[in-house]
Amino acid sequence: ILNVEQSPQSLHVQEGDSTNFTCSFPSSNFYALHWYRWETAKSPEALFVMTLNGDEKKKGRISATLNTKEGYSYLYIKGSQPEDSATYLCALGGPNAGGTSYGKLTFGQGTILTVHP
Amino acid sequence: DGGITQSPKYLFRKEGQNVTLSCEQNLNHDAMYWYRQDPGQGLRLIYYSQIVNDFQKGDIAEGYSVSREKKESFPLTVTSAQKNPTAFYLCASSITPNRGTQYFGPGTRLTVL
């Protein structure tokens, strides 16, 4: 079983603050790294899928970077808003039963972000 | 609307009873997955299916069973052999097993009394 670690476990910030958190994973046999946002009482929603070392993806005020050689990804939120409050999950894509691509996901425990007005 | 539905939202069962959680998708996705969430832990994979009539064990399959008789349906049975069945269960699907983005249902919270 792969070990995917997220830090911090929880984070409280004020509206307007920028913030970032980390996802660490084994650097060997890398396939893909996923970020999801999970708001309370809703389904987890996909943010990014990252596959290449040095990849940087952006969606509005949220961006993510990937370093596959050292085994980490950062998620950044610029100018946090209360609606950004959610649990942010990262997941390492692994080979499916056929040994190809990245069908199976191994999740970290998540970072709970609370943005105070 | 396209999406994944899980029912019921909350489920209570007595210890020793088998219970089946429903998961339906109308996204025409080939692959479907079942995860379990416990407090302080990440989502853990129970079972997944890449195609109709085929499924594989995930990391914590003991005490669970699944079937995939139809493309749109992937029910999960929590059997009496599962030692700690009380948890939040999430179902997900992806276009194909090789297209990693997974789309999740709203989840079922199972409480065994």
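Our subject is the structure listed above.
Criteria and thresholds
- Residues numbered from 1 in each chain as written.
- Chains lettered and ligands numbered in written order.
- Predicted model: local features only at pLDDT ≥ 70, side-chain atom pairs only at ≥ 80, totals over all residues.
- Heavy atoms only, no water.
- Helix = DSSP H or I, 4+ residues; strand = E, 2+ residues; numbered from the N terminus.
- Rg over C-alpha atoms; globule rule 2.2 N^0.38 Å.
- Buried < 20%, exposed > 50% of the residue type's maximum accessible area, 1.4 Å probe, protein only.
- Contact = heavy atoms within 4.5 Å.
- Areas by Shrake-Rupley, 256 points an atom, 1.4 Å probe, with all protein chains shown as cover.
- Pairing = 2+ DSSP bridges.
- Axes fitted to C-alpha atoms, helices over the stretch in contact; angles between N-to-C directions.
- Disulfide = S-S within 2.5 Å.

1. With respect to the overall build of chain A
So, point 1. The number of helices and strands found in chain A is zero helices and 11 strands.
So, point 2. Since a compact globule built from 117 residues should have a radius of gyration of about 13 Å, the 14 Å found for chain A is in line with a globular shape.
So, point 3. Principal axes of the C-alpha set define a box for chain A whose edges measure 45 × 30 × 20 Å.
So, point 4. Taken over 117 residues, chain A has a buried fraction of 46%.
So, point 5. Put simply, 55% of the contacts in chain A that link residues at least 6 apart link residues at least 24 apart.
So, point 6. Summed over its atoms, the accessible surface of chain A is roughly 5500 Å², and 47% of this surface lies on carbon and sulfur atoms.

2. Overview of the sheet that holds strand 3 (residues 19–25) of chain B
Residue and element names in this part refer to chain B.
So, point 1. Strand order in the open sheet made by the four strands is 1-3-8-7, with antiparallel pairing throughout. Of all the strands in the sheet, just strand 1 (4–7) and strand 7 (64–66) have a single pairing partner and so form its edges. Averaged over neighbouring strand pairs, the angle between their axes works out to 20° when direction is ignored.
So, point 2. Bridging between strand 7 and strand 8 (residues 76–78) involves three bridges; their strand directions are antiparallel. Directly across from S65, in strand 8, lies its bridge partner T77.

3. Describing the state of the cysteines
So, point 1. Within this structure, the stated rule accounts for two disulfides over all chains.
So, point 2. Each sulfur in the disulfide pair C23 of chain A and C90 of chain A lies 2.0 Å from the other. Measuring handedness by torsion sign, the sulfur bridge of C23 of chain A and C90 of chain A sits at about 75° and is right-handed. Of this pair, C23 of chain A sits in strand 3 (residues 19–24) while C90 of chain A sits in strand 9 (residues 86–94), and the two are 67 residues apart along the sequence. Grouping residues by exposure puts C23 of chain A and C90 of chain A together as buried.
So, point 3. Between the sulfur atoms of C23 of chain B and its disulfide mate C91 of chain B the distance is 1.8 Å. Judged by the sign of its S-S torsion, about -75°, the bond between C23 of chain B and C91 of chain B is left-handed. Placement of the pair is C23 of chain B in strand 3 and C91 of chain B in strand 9 (residues 87–94), with a sequence separation of 68 residues.
So, point 4. Assessed through its relative accessible area of 0%, C23 of chain B is described here as buried.

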